[in-house]
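The lines below spell out each chain.
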Amino acid sequence: MRGGDQRPDPDALLRSIKDEEQEKNRRGSKERLKIFFGMSAGVGKTYAMLEAAQRLTRDGVDVLIGYLETHGRAETEALAKGLELIPRRKIDYRGVAIEEMDIDAILARKPAIVLVDELAHTNCPGSRHAKRYQDVMELLDNGIGVFTTLNIQHLESQADVVEKITGVKIRETLPDSILDLADEVELIDIPPEELLKRLAEGKVYMPEKAGLAAERFFRKGNITALREMALHYTARLVGYELRDYNLKKNITGPWKSGERLMVAVSPSPYSEYLIRWTRRIAFNLQAPWTALYIEKRRALSKSSQEILSRNLNLARELGAEVMSTVDEDIVKGLVRTAQEKNITQIVVGKPLRRYLSDYIKGGSLVERLLKTSGDIEIHVVTQPDVHGEKSRIRPGRPSMPNLRGYLIGAAAVSAVTLINLPLIPVTGYWTVALIYLFCVVILSLFIGRGPVFLSAALSALLWNFLFIPPRFTFRIGKLEDGLMFGMYFIIALILGGLTSKLRMKEWALRTREQRMTALFEFSKLLGDSPGIDEVVVNSIQYLEHYFGARVAIILADGEGGLCATPHPAGSLPMSAKEHAIAEWVFTNRAAAGLYTQTLPNADAHYNPLIAPGRVVGVLAIRPVPNLAFSLEQENFLQNISYQISIRIERENLSESIQKAHLTEESERLYRILLNSISHELRTPLTAITGASTSMLDEAIEARPETRRALSEEIRKASERLNRLVENLLDMSRLESGMMKLNRQLHDMGDLISVVTRRLENDLAGHPVRINVPEELPLVPIDFSLMEQVLSNLVYNAASHTPAGTDVHIVASAAGQSMTIVVRDTGSGLDPLEIPFIFEKFRRGSKVLPGGTGLGLSICKGIVEAHGGTIHAGNNPGGGAEFTITLPLSPAADQPGGNRT
């Protein structure tokens, strides 16, 4: 609460609502996960699950059994009767037929609820997923609700505690984060005495197994401890639900700011225990937590890399945010990252012994962390001691020293010594100290801090023994020599240490810069890719070069699925089986294949390309054989995958917008065409119908003048209808490319005379001024097509200007072109419409009603087919002006031919 107004923290409220919305979006509204939770086998979880299923079946809910393990219990088998059972899938493993849940059959059947017993079960090799809980997550992601069973000892964070209590190694575990996904967790609990009675009666295991179980696991003390753990765990879950409910309902409660934990992870098997311990604390605090690996300059061995990958994967499975940073000083790396991420608690392992480097650095890792952590709390976790036997794992133990660096340092100091021994009568022993100091500084540029310190100490001792009088002893005869020796030793250590430290910092900064540069270069590469094909090609080439691997990208098709074949630019061949894996990755939005727990026997690693809102494809990559990705490579691959996804989605959106614009424009043109043609057809047809009907009237037959007027009206309407049909046909021929030119040499004066005679009736009331010089050369044109162009322009000038408006037709020749200008003295064109006046179905705002807006577009097409140009504008003296320019000789790429 804040202040005295008793209002909940809005940030906490928003975070709670956001988490709930994200979970709903991730799994959908219909999916449901209910876990029947208990302290051990035999408490009745499967029986309670079947009872709940029978109740739902009676209510009409579609429930079936996906996997049920009755252990031969008659009452459990009886309760399962009446429920549909999906037959198990048989897998041949090393000559033995093993039965597993048939997840594909369940997905095909798609019930409302499926019963899946033993959630922590490990699947047989060759199954799609390594663990059954991964099968359950796939069912949930496909809209199928799941009822399942789970024991407390199978939770990853509780496994080592149970092992301590019972002495039994728990081999089948699952991440605690599965419980975070559950809509309901129902605790199934019975007293320990009743459980032991059920075990003795053979209701838990078959008689041959019951005795062994009672001796090893089912002891009353063990069961009581497990019961307490299950009760505490369930109580915490209920407490979190109550807290969220109070938060959303504004119920007064002890509102506290959240904690953030961070655990230091290393290539040590002990890190596995630290990760589980941190998960338990984070669960108790309901706090987010981070697993941090600090990368040092020294490369890890293959075995260390495998242990590190296993530890980080465990942290990721348990719900941690996995991070890595570069720093030679682990303490500084931890504190710096904690301050950047607002971490409140850091978890580290307790050192079991001191090393020489601890004295040099000023204390052990824990001691220095306590000094520099400030307000950050430090948890120092002791390595577990199982049955009083100390584990052989030594957390935090440094790897073997770099002997090569020590040998180089010793060799360099020895070489300087041998060179200076014969020169001491000339140079003096003080000069030797400067040469030694120079050697130590130079060495610090190439070798590590430890070898530098050894070189400094060795050079100081050799200088004392071989050069400072009395020689060949460690005794110093003069005070000034003693002071010089002490100062030399200190200066050599400081200079060597500082230079080595600066070099390490420079390496760390250079490493970070290289990673940032690689991401920047890839982002720039994608930014310069103009289309989806270029994006995919450049991405594949970049990944092949960076990872030295074979890569393929399979894009999503336009129907919400995955394309049947990868992009042709890829270098990774894909079989039908591998493509099926890519389909699964695409559908389930999760990585699979190599180095994962889903289909790990695949030939490649498959990553979904997830953009905001949908999956745009799948990235398949096959790294160098037998070399798993390092953490840095994994992070880089995730970053690159996200950038590829965003870029592809942006191109898809751009294409969608383009298609939507084209569709909208097509619909607009369709409406214009329909309206225009319907009007243009209706007007002459109405005139023809009306005039012909009137001519049939007996009263009209006796009036020749009226019949002549009606005949003229029919003629004009027919010409108008004919002109419309010609325009539509010509536009169709132009767009289809079927229009060919029949070029012949013609006189421009003849063309203009034919046009004016053809439009004689339309030009009545419009004085026509023709200016065609007699000396004009002949022009190669298709006469009938150019007649149509000129007729359209002259007709427009007459029809869109008032009576009495002059129409001018001027022809002239200059150089290798002829110009024809048609202008009028009317009101002219709207300047804003001139750039678009030759577009199809474009009608000016000043024109009279009627017309399809095709005439000028057809003129432009015909003129350009002749290799000429046409322009529209306004005459400075007033009125519209159209200018046609035609070449006096046919272009080479436009040969004459027959017009079709």
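Remember, predicted model here, so these are calculated numbers, not experimental data. (Residues numbered from 1 in each chain as written. Predicted model: local features only at pLDDT ≥ 70, side-chain atom pairs only at ≥ 80, totals over all residues. Heavy atoms only, no water.)

Asks: Summarise the overall build of the protein chain; cite the residues concerned and give the values.
Replies: When its secondary structure is counted, the protein chain shows 28 helices and 24 strands. Scored against the burial criterion, the 900 residues of the protein chain give a buried share of 44%. Considering only intrachain contacts with a sequence separation of at least 6, the fraction spanning at least 24 residues in the protein chain is 70%. In the structure as shown, the protein chain presents an accessible area of about 46200 Å², 56% of it carried by carbon and sulfur atoms. (Helix = DSSP H or I, 4+ residues; strand = E, 2+ residues; numbered from the N terminus. Buried < 20%, exposed > 50% of the residue type's maximum accessible area, 1.4 Å probe, protein only. Contact = heavy atoms within 4.5 Å. Areas by Shrake-Rupley, 256 points an atom, 1.4 Å probe, with all protein chains shown as cover.)

Asks: An account of unusual backbone geometry is needed here, citing residue identities and associated values.
Replies: For the bond running from Pro469 to Pro470, omega is -10 degrees, close enough to zero to count as cis. Position of Pro470 among the secondary structure elements: in the loop between α19 (449–466) and α20 (479–527). Here Glu118, not a glycine, exhibits a phi torsion of approximately 55 degrees, which is positive. Along the polypeptide, Glu118 turns up in the loop between β6 (113–116) and α5 (132–141). Although it is not a glycine, Leu599 sits at a positive phi angle of roughly 50 degrees. According to the relative accessible area criterion, Leu599 is buried, its value standing at 18%.

Asks: With reference to specific residues and values, describe the sheet that holds strand β17 (residues 614–622).
Replies: Taken in spatial order, the four strands of this open sheet run β14-β17-β16-β15, and their pairing is antiparallel. In this open sheet, the two edge strands, each paired with only one partner strand, are β14 (550–555) and β15 (592–593). Contacting β14 and β17, helix α21 (residues 532–547) runs over the sheet at an angle of about 155 degrees to β14. Against the sheet, helix α22 (residues 576–588) makes contact with β14, β15, β16 (605–611) and β17, and its axis sits at roughly 35 degrees relative to β16, the strand it touches most. (Pairing = 2+ DSSP bridges. Axes fitted to C-alpha atoms, helices over the stretch in contact; angles between N-to-C directions.)

Asks: For the pattern of salt bridges, give the residues involved together with the corresponding values.
Replies: By the definition in use, this model includes 21 salt bridges. With a closest N to O distance of 2.8 Å, Glu84 and Arg109 form a salt bridge. Of the two residues, Glu84 is situated in strand β3 (residues 84–85) and Arg109 in helix α4 (residues 103–109); the sequence distance between them amounts to 25 residues. Assessed through its relative accessible area of 35%, Glu84 is described here as partly exposed. Residue Arg109 is classed as partly exposed on the basis of its relative accessible area of 30%. Note that Lys860 is salt-bridged to Glu864, the shortest N-O span being 2.7 Å. Taken together, the positions of Lys860 and Glu864, both in helix α28 (residues 855–865) and four residues apart, correspond to about one turn of that helix. On the basis of relative accessible area, Lys860 is assigned to the partly exposed category, the value being 28%. (Salt bridge = Lys/Arg side-chain N within 4 Å of Asp/Glu carboxyl O.)

Asks: How would you sum up the packing of aromatic side chains? Please name residues and give values.
Replies: Going through the model one piece at a time under the given rule, you end up with seven aromatic pairs. Seen from their ring centres, Tyr436 and Phe467 are 6.2 Å apart, and the 75 degrees between their planes marks the pair as edge-to-face. Of this pair, Tyr436 sits in helix α18 (residues 429–443) while Phe467 is found in the loop between α19 and α20, placing the two residues 31 residues apart along the sequence. Using a relative accessible area of 0% as the deciding quantity, one classes Tyr436 as buried. For Phe467, a relative accessible area of 1% gives the class buried. Ring pairing ties together the aromatic residues Phe37, Tyr233 and Phe283, which thus form one cluster. (Phe/Tyr/Trp six-rings, centres within 6.5 Å; stacked < 30°, edge-to-face > 60°.)

Asks: I'd like to hear about the packing of helix α16 (residues 403–420) against α18, residue by residue, with values.
Replies: Their axes nearest at 10 Å, the elements α16 and α18 cross at an angle of 155 degrees. With respect to each other, α16 and α18 are oriented roughly antiparallel. Note that α16 runs across α18; the crossing there is right-handed. Packed against α16, whose contacting residues are Ile408, Gly409, Ala412, Val413, Val416, Thr417 and Asn420, the element α18 presents Val432, Ile435, Tyr436, Cys439 and Leu443 at the interface. Split into classes, the residues belonging to the contact of α16 with α18 amount to nine nonpolar, three polar and no charged. (Parallel < 35°, antiparallel > 145°, perpendicular 65-115°, else oblique. Left-handed = near helix turned anticlockwise from the far one by under 90°. Nonpolar A, V, L, I, M, F, W, Y, C, P; charged D, E, K, R; others polar.)

Asks: Requested: an account of the pairing of strand β2 (residues 63–67), with residues and values cited.
Replies: Taken across its five residues, β2 has five buried, putting it largely inside the fold. As paired elements, β2 and β6 share four bridges and run parallel to each other. Each bridged residue has a counterpart across the sheet, and for Leu64 the counterpart in β6 is Val114. Here β2 runs beside β3; their pairing, made up of two bridges, is parallel. Of the residues in β3, the one forming a bridge with Ile65 is Leu85.

Asks: Before we move on, can you summarise the packing of helix α13 (residues 330–340) against helix α15 (residues 365–372) with the specific residues and values?
Replies: The geometry of a pair of packed helices is captured by two quantities: the angle between their axes and the separation between those axes. Interaxial distance between α13 and α15 falls to 9 Å at its minimum, and their mutual angle equals 40 degrees. When you trace α13 past α15, the crossing you get is right-handed. Each of Ile330, Val331, Leu334 and Val335 in α13 lies in contact with α15, whose residues at this interface are Leu365, Arg368, Leu369 and Thr372. Taken together, the residues of the contact of α13 with α15 sort by class into six nonpolar, one polar and one charged.

Asks: Talk me through the side chain of Asn538; I want residue IDs and the actual numbers.
Replies: Assignment of secondary structure puts Asn538 in helix α21. In this structure Asn538 touches Leu525 and Ser529, once residues within four positions along its chain are discounted.

Asks: An account of the sheet that holds strand β21 (residues 807–814) is requested, with residue identities and associated values reported.
Replies: Read from one edge of the open sheet, five strands run β19-β21-β22-β24-β23, paired in mixed fashion. Strands with a single pairing partner mark the edges of an open sheet, and in this sheet they are β19 (768–771) and β23 (869–874). Within this sheet the neighbouring strands show an average axis-to-axis angle of 15 degrees, counted without direction. Where β21 lies against strand β22 (residues 817–824), eight bridges are found, and the strand directions are antiparallel. Paired with Val807 across the two strands is Asp824, which belongs to β22.

Asks: Report on a nonpolar patch on the surface, specifying residues and quantitative values.
Replies: A cluster of nonpolar side chains, contributed by Phe438, Ile442, Leu445 and Phe446, occupies part of the molecular surface with about 440 Å² of accessible area. Among the secondary structure elements, Phe446 is positioned in the loop between α18 and α19. (Patch = residues over 30% accessible without salt bridge, like charges linked within 9 Å, V, L, I, M, F, W, Y side chains within 5 Å.)

Asks: Got a sec to walk through the pairing of strand β1 (residues 33–38)? Specific residues and values, please.
Replies: Across the six residues that make up β1, a large majority, six, are buried. Burial along β1 is two-sided: Leu33, Ile35 and Phe37 and Lys34, Phe36 and Gly38, pointing in opposite directions, are all buried. As judged from the six bridges shared by β1 and strand β7 (residues 145–151), these two strands associate in the parallel manner. Its bridge partner being in β7, Gly38 is matched across the sheet by Asn151.

Asks: Which residues make up the confidence of the model for the protein chain, and what values do they have?
Replies: Per-chain confidence: the protein chain averages 78 in pLDDT, with 81% of residues scoring 70 or above. Per-residue pLDDT stays below 50 along residues 24–30; that stretch engages in nine contacts with residues further than four places along the chain or on separate chains. This stretch, residues 892–900, has a pLDDT under 50; its non-local contacts, to residues over four places away or in other chains, come to 20 contacts. (pLDDT = per-residue confidence, 0-100.)

Asks: Lay out helix α8 (residues 192–200) with the relevant residues and their values.
Replies: Looking at α8, one finds that the buried residues are Pro192, Leu195, Arg198 and Leu199. Looking down the long axis of α8, one finds its buried residues gathered within 120 degrees of arc, a one-sided arrangement. Among the exposed residues of α8, those oriented more than 90 degrees off its buried face are Lys197 and Ala200. Taken from the residues just after α8, Gly202 is the one with a positive phi, measuring 80 degrees. (Arc of directions from axis to C-beta.)

Asks: I'd love a proper account of the environment of Ala591, names of residues and values included.
Replies: Along the polypeptide, Ala591 turns up in the loop between α22 and β15. Look at Ala591 and you get partly exposed, because its relative accessible area is 30%. Taking the C-alpha atoms as reference points, Ala591 and Val618, 27 residues apart in sequence, are found 9.3 Å from one another. Among residues more than four places away in sequence, those in contact with Ala591 are Trp584, Val585, Thr598, His605, Tyr606, Asn607 and Pro608.

Asks: Break down helix α27 (residues 783–799) for me, citing the residues and quoting the values.
Replies: The end-to-end C-alpha distance of α27, which contains 17 residues, comes to 24 Å, matching closely the 24 Å that a straight helix rising 1.5 Å per residue would cover. With twelve of 17 residues buried, α27 is to be regarded as a mostly interior element. The complete set of buried residues in α27 reads Leu785, Met786, Glu787, Gln788, Val789, Leu790, Ser791, Asn792, Leu793, Val794, Ala797 and Ala798. (Expected span 1.5 Å × (residues − 1).)

Asks: Please set out the environment of Leu562 residue by residue, giving values where relevant.
Replies: Mapped onto the elements, Leu562 comes out in the loop between β14 and α22. Here the alpha-carbon distance between Leu562 and Trp584, two residues 22 residues apart in the chain, equals 9.9 Å. For Leu562, the residues in contact, after removing those within four places along its chain, are Ile554, Leu555, Ala556, Asp557, His579, Ala582, Glu583, Phe586, Gly617 and Val618.

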